[in-house]
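Structure assessment
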Amino acid sequence: MSIGTMLLQLGEGMLTTFSIFALTLIFSLPLGLAVAFGRMSKYKVVQAIMKVYISIMRGTPLMLQLLVVYFGPYYAFGMALSSEYRFIAVIIGFALNYAAYFAEIYRAGIESMPVGQYEAAHVLGYTRSQTFCKIILPQVIKRILPPVTNEVITLVKDTSLAFVIAVSEMFTVAKAIAAAERNILVLGIAGLFYYIFNFIVAFAMERIEKRLNYYR
Amino acid sequence: MAVLQINHLRKSFGSNLVLDDISMSVEKGEVVGILGPSGSGKSTLLRCATMLETMDSGDLIYSGEYVCKNDGNGKTVYADKAQLKKIRSMFGLVFQNFNLFPHYSVLKNIIDAPISVQKRSKEEAVEEARQLLKKMGLADKEDYYPYQLSGGQQQRVSIARALALNPQMLFFDEPTSALDPELTGDILKVIRDLAAEHMTMAIVTHEIDFARNVADKIIFMADGLIVEEGTPDRVIDNPRNERTRSFLAKMER
Ligand SMILES: Nc1ncnc2c1ncn2[C@@H]1O[C@H](COP(=O)(O)OP(=O)(O)OP(=O)(O)O)[C@@H](O)[C@H]1O
Ligand SMILES: [Mg+2]
């Protein structure tokens, strides 16, 4: 295999890795907020369901969850597994898992807000949704940025778990090439890719944090 | 007609009866000082009046408009949402610890509610906010953020924020208690100026001299009851009730 083909294959793997990363964030960040609301719901049943959901997502390996999402439909309903479903299953699995982690971060952030902020808004006549969107959420975002950054960096590395259902993301490709070509260097390139990816993520998050530093 | 009328207000937290049959009224332009020992229910009274707490029983009426009234079985029934929203704009509350919105500039803190709650135009809101800031001696601070201000300045911003909604009445819950002693004077002066303009106010305070000075009427509370009520001269200088006397004696020391 020429260096060119190798890089081309790695490049495709990177693209898949990046897609998993981006799609997971796009779905799990808002879903996490919904889960957090459910977790703080005044309805005990909703609260309990969300609590169980979060504890399962956090208490079992993501790898196992991916397998369940991928093979689940086949074993439960005898549905045929198309190859496109592999990628979809990865996104579903990741989004469900990360939503649980984000939900707990959101919840901690929301519950850390002083009650005086709600009371001031209430007396000023803000509606509940105005209070949340204008007063609470912006402050919560600032507070939770550090733990969210941690999760996002973990996600970059976790994308490699997609290999369990044979989605050829970066790491899967690198491993295959390394085995076929007896060339360990390609794993080094893969490592470098993850490192640079995370470097950019950390840089971007730091920029956002700085941007929010205009108040305390 | 009284700006604020409270009849037979009762409020418990669990089995703890915190307000026991409180009735009071505040007339237009009147300044009422509320005194009393810690735990006597002063804050709870203000929180019930400003709808931060619900009353267990009793009536709450602003300028003839009912927030809630007794249903005849000793339970109180609140008005519908639209009515409550309307009444909420009739009063403002100044908190002990300001509760400014830290992510908003001073100006935005003041104009945001007029714009997003009262749907007033931005130009109008900004103009009025600037006048209020000038009045508070903070004309040059509109672009500051709360953390950049002293406690006294923050409290003046929070007073401006409350005034920006043009309330008929203002409540203060120990507006100077969170401040360094040398900063309390600024706030007391602002409140005195408002009194001179005949702003209707109810002020919970531990500053006896200030209360004597600014209030038309003093309410003295103990154990969830109004034990004495009258002019400052009557209640502060010639207290009849034993509780009032011992409280004032302690404060003098
Ligand atoms: N949210 C609450 N839950 C339970 N009990 C409460 C609550 N708020 C107040 N209380 C109780 O109600 C009583 C009156 O409290 P309140 O804060 O109204 O007193 P206060 O007169 O304002 O006292 P202070 O001068 O210390 O501010 C106290 O016994 C207090 O413990
Ligand atoms: Mg109090």
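In this report, the structure presented in the accompanying data block is examined. (Residues numbered from 1 in each chain as written. Chains lettered and ligands numbered in written order. Predicted model: local features only at pLDDT ≥ 70, side-chain atom pairs only at ≥ 80, totals over all residues. Heavy atoms only, no water.)

**Thoughts on the interface of chain B and chain A**
What counts is decided by this rule: By definition, residues are in contact when any of their heavy atoms lie within 4.5 Å. By convention, the term buried area covers the 1.4 Å-probe accessible surface removed from two parts as they join, with the contributions of both added. Salt bridges are defined by distance alone: a side-chain nitrogen of Lys or Arg within 4 Å of a carboxyl oxygen of Asp or Glu. Polar contact is the term for a pair of N or O atoms within 3.5 Å; when the atoms are in protein, one must be able to donate a hydrogen and the other to accept it, and sequence-neighboring residues count only if both atoms are side-chain atoms. Numbered from the N terminus, helices here are DSSP runs of H or I no shorter than four residues, and strands are runs of E no shorter than two.
On the chain A side, the residues contacting the 23 residues of chain B number 18 residues. Overall, the association of chain B and chain A removes approximately 2100 Å² of surface from exposure, summing both partners, and the carbon and sulfur fraction of that is 60%. Counting the contacts that link chain B with chain A gives two salt bridges. B:Asp112 is paired through a salt bridge with A:Lys134; the nearest N and O atoms lie 3.1 Å apart. Taken together, the connections running from chain B to chain A amount to 12 residue pairs in polar contact (both at pLDDT 80 or more). For the side of chain B that touches chain A, the secondary structure elements donating two or more residues are strand 7 (91-94) and helix 3 (106-116) of chain B. If you tally residues by element for the side of chain B that touches chain A, the top one is helix 3 of chain B, at three residues.

**A short note on the nonpolar core**
The cut-off we apply is this: In plain words, nonpolar cores are sets of buried Ala, Val, Leu, Ile, Met, Phe, Trp, Tyr and Cys residues tied together by side-chain atoms within 4.5 Å. A simple rule labels every residue: compare its accessible area, found with a 1.4 Å probe on the protein chains alone, to the largest value its type can have, and call it buried under 20%, exposed over 50%, or partly exposed in between.
Counting 99 residues, the largest nonpolar core has A:Phe94, B:Leu45, B:Tyr62 and B:Phe171 as its most contacted members. Setting aside residues no more than four positions away along its own chain, A:Phe94 makes contact with A:Ile20, A:Thr24, A:Leu62, A:Leu66, A:Leu155, A:Asp158, A:Thr159 and A:Leu161. Residues B:Leu100, B:Leu170, B:Phe172 and B:Ile187 belong to the second largest nonpolar core, which totals 47 residues.

**Section: the packing of helix 3 of chain B against helix 5 (residues 151-163) of chain B**
Residues and elements named next belong to chain B. Let me state the cut-off plainly: For helices, the axis comes from a line fit to the C-alpha atoms of the stretch in contact; other axes are also lines fit to C-alpha atoms, and the angle between any two N-to-C directions lies between 0 and 180 degrees. Any angle between 65 and 115 degrees counts as roughly perpendicular, while under 35 counts as roughly parallel, over 145 as roughly antiparallel, and the rest as oblique. In this scheme the handedness of a crossing depends on how the near helix is turned from the far one: anticlockwise by less than a right angle means left-handed, clockwise means right-handed. By the convention adopted, Pro, Cys, Tyr, Trp, Phe, Met, Ile, Leu, Val and Ala count as nonpolar, Lys, Arg, Asp and Glu as charged, and the other residues, Gly among them, as polar.
Between helix 3 and helix 5, the shortest axis-to-axis distance is 8 Å and the interhelical angle comes to 20°. With respect to helix 5, the axis of helix 3 lies roughly parallel. Helix 5 is crossed by helix 3, and the crossing has right-handed handedness. Touching Val106, Asn109 and Ile110 of helix 3 are Val157, Ala160 and Arg161, all from helix 5. Taken together, the residues of the contact of helix 3 with helix 5 break down into four nonpolar, one polar and one charged.

**Quick look at the site of ligand 1**
All names here are of chain B. Note the following rule: Here a residue counts as near a molecule or strand whenever at least one of its heavy atoms sits within 4 Å of it.
Around ligand 1 there are 13 residues in total, and Ser38, Gly39, Lys42, Ser43 and Thr44 lie nearest to it. At 2.7 Å from an oxygen atom of ligand 1 is found a side-chain nitrogen or oxygen belonging to lysine 42. One of the side-chain N or O atoms of serine 43 is found 2.7 Å from an oxygen atom in ligand 1. Broken down by secondary-structure element, the contributors of at least two residues to the shell around ligand 1 are strand 2 (16-26) and helix 1 (42-49). Ranked by residue count, the leading element in the shell around ligand 1 is helix 1, at three residues.

It is worth stressing that arrangement in space is one thing and function is another; only the former is reported here.
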